[in-house]
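# Architecture at a glance
These are the residues of each chain, in order.
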Amino acid sequence: MSDVAERVKKIVVEHLSVDPEKVVEGANFIDDLGADSLDTVELVMAFEEEFGVEIPDDAAETIVTVGDAVKFLEKNAA
Amino acid sequence: MFSLTGRKALVTGASGGIGAEIARALHAQGAVVALSGTRAAALEALAAALGERAHVAPANLADRASVEALVPAAEAAMGGLDILVNNAGITRDNLFMRMKDEEWDSVLAVNLTSSFILARSAVKGMMKRRFGRIIGITSVVGVTGNPGQANYCAAKAGMIGMTKSLAAEVASRNITVNCVAPGFIESAMTDALNDKQREAIMANIPAGRMGKGEEIAAAVAFLASDAAGYVNGQTLHVNGAMARI
Ligand SMILES: NC(=O)c1ccc[n+]([C@@H]2O[C@H](COP(=O)([O-])OP(=O)(O)OC[C@H]3O[C@@H](n4cnc5c(N)ncnc54)[C@H](OP(=O)(O)O)[C@@H]3O)[C@@H](O)[C@H]2O)c1
C-alpha cells in the first residue's frame, strides 16, 4: 500500500470508527462504511488538512470510495 | 452556570444598539469577542471599553467578498470561533406595491444572505472542534408579518427557516443553531418615534414597556452557553408578551 493510501486509511478508520479490514480500495464511504452525508464532508475536510490540499466541491463529489480519495490525493497532494 | 470562559464569539452589528449589548454580555460571561460592523470607530470604542479579550473585525455585509472574508479574519484574530451571532440588520420600509427592487435586494442581502455565508463559513471549524453556537437575531415580525416591511419580514422569516434546517444538519456534531426574536426594543430607531406612534405600540405590549438591548443579550448569552446544549433549531421570543407564539 502506498504512503498516501496508508494515511487515507488511517483517517477513514479514525473518523468513521470502522474495522480497518473493511477500508479497502473499493469500499464506498456511504454504502460500505456507514458514513452519512455529513461524514463525507468531514472526511474531505480531514483529507484537506492531512495532505495540505484544497479539494473543490465538484472534485469532492467524485470521491465516493476509498480508492477515489487515494487516487485524487496521489495526483493532487504536494 | 452560563459561563463562556474560553469561548470565542463573533458578533455582527456590534456597533448597533442591540449588538453592542450582546457583545458586552458575552464578554461579561468570559468570552473573547470579535466586534463587526461598518463603522470601525464605533467598534474600536466598544473594544476599548471592554478592555481585554476584544477584537475589531469590520466588514460590509452588503458586499459578498467582505462577508466571505469576515469569519476567516475573526478566526485568525481569536484563534478559532465557537459562537457566531448574526445580529446585523437593516430596514428599507415601503408599501409592498411601491417597494423597489433595490429595497428588497439590499434587505435580503444584509439580513439573510450574509447570515447564510457567515454560518456556512463558521460551521466548518465548529464541526472539526465538535462545538458551535450559531445565533440569529430575527424579529417578531418575521413570524407575524408587518405592513410596510415585506422585505424585512421575508428576510427575518428566512432566517428562522435557515436556522431550523442547519440545526437538523449539524446537531449530531454538538452544534446548536437558534434564533432570538426581539419585539420592540429601545433603540435609536424607537427613540425617533413620536408620542402618538409610541402610544400605539405600547397598546400592543402587555408588559407596558419596550424591551432593552440587554434583555435580548441575556437570551443570546443563554443560547451560547453549554447549559443550552439541547435547545436546538428554536426561536426564543423576547417581546413582553406582545405576541404569544
Ligand atoms: N430594535 C428593535 O426594536 C428590533 C426589533 C426586532 C429585531 N431587531 C433586530 O436586531 C438587530 C439589531 O438591531 P438594532 O436595533 O441594534 O439596530 P441598529 O442599532 O441599527 O444596528 C444595526 C447594526 O447592523 C450593522 N449593519 C447594518 N448594515 C450593515 C452592513 N451593510 N454591513 C455590516 N454591518 C451592518 C450596523 O453596523 P454599522 O452601523 O457599523 O454599519 C449596526 O451595528 C437587527 O437585526 C434588527 O433587525 C431589532
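Summarised in this report is the structure supplied together with it. Predicted, not measured: the structure shown is a model, and the values here were computed from it.

A few words now on the site of the ligand. All names here are of chain B. Surrounding the ligand, one finds 28 residues, the nearest of these being S15, T38, L61, N87 and Y152. The separation between an oxygen atom of the ligand and a polar side-chain atom of S15 is 2.6 Å. In this structure, an oxygen atom belonging to the ligand sits 2.9 Å away from a side-chain N or O atom of K156. Here the ligand loses 84% of its free accessible area of 890 Å² to cover by the protein chains. More than half of the atoms belonging to the ligand lie within 2 Å of the grid points that define the largest pocket. Looking at the shell around the ligand, the elements that each hand over two or more residues are α1 (17-28) and α6 (150-170).

Next up on the list: the packing of aromatic side chains. Geometry of an aromatic ring pair is reported as the spacing of the ring centres plus the angle between the planes. All names here are of chain B. Counting across every chain of the model gives one aromatic pair over all chains. Ring geometry for F2 versus F222: centroids 5.8 Å apart, planes at 85 degrees, classification edge-to-face. Linking F2 in the segment before β1 (8-11) with F222 in helix α9 (residues 213-224), this pair joins segments that are 220 residues apart in sequence. Judged by relative accessible area, which is 30%, F222 ranks as partly exposed. In this structure, R7 packs its charged tip against the face of F131, placed 3.5 Å from the ring centre.

Parameters at a glance
- Residues numbered from 1 in each chain as written.
- Chains lettered and ligands numbered in written order.
- Predicted model: local features only at pLDDT ≥ 70, side-chain atom pairs only at ≥ 80, totals over all residues.
- Heavy atoms only, no water.
- Near = heavy atom within 4 Å.
- Polar contact = N/O pair within 3.5 Å; in protein donor to acceptor, adjacent residues only side chain to side chain.
- Areas by Shrake-Rupley, 256 points an atom, 1.4 Å probe, with all protein chains shown as cover.
- 1 Å grid on protein atoms, 1.4 Å probe; cavity = no way out; pocket = protein on both sides within 12 Å on 5 of 7 lines; lining within 4 Å.
- Sits in = over half its atoms within 2 Å of the grid points.
- Helix = DSSP H or I, 4+ residues; strand = E, 2+ residues; numbered from the N terminus.
- Phe/Tyr/Trp six-rings, centres within 6.5 Å; stacked < 30°, edge-to-face > 60°.
- Buried < 20%, exposed > 50% of the residue type's maximum accessible area, 1.4 Å probe, protein only.
- Lys NZ or Arg CZ within 6 Å of the ring centre and 35° of its normal.

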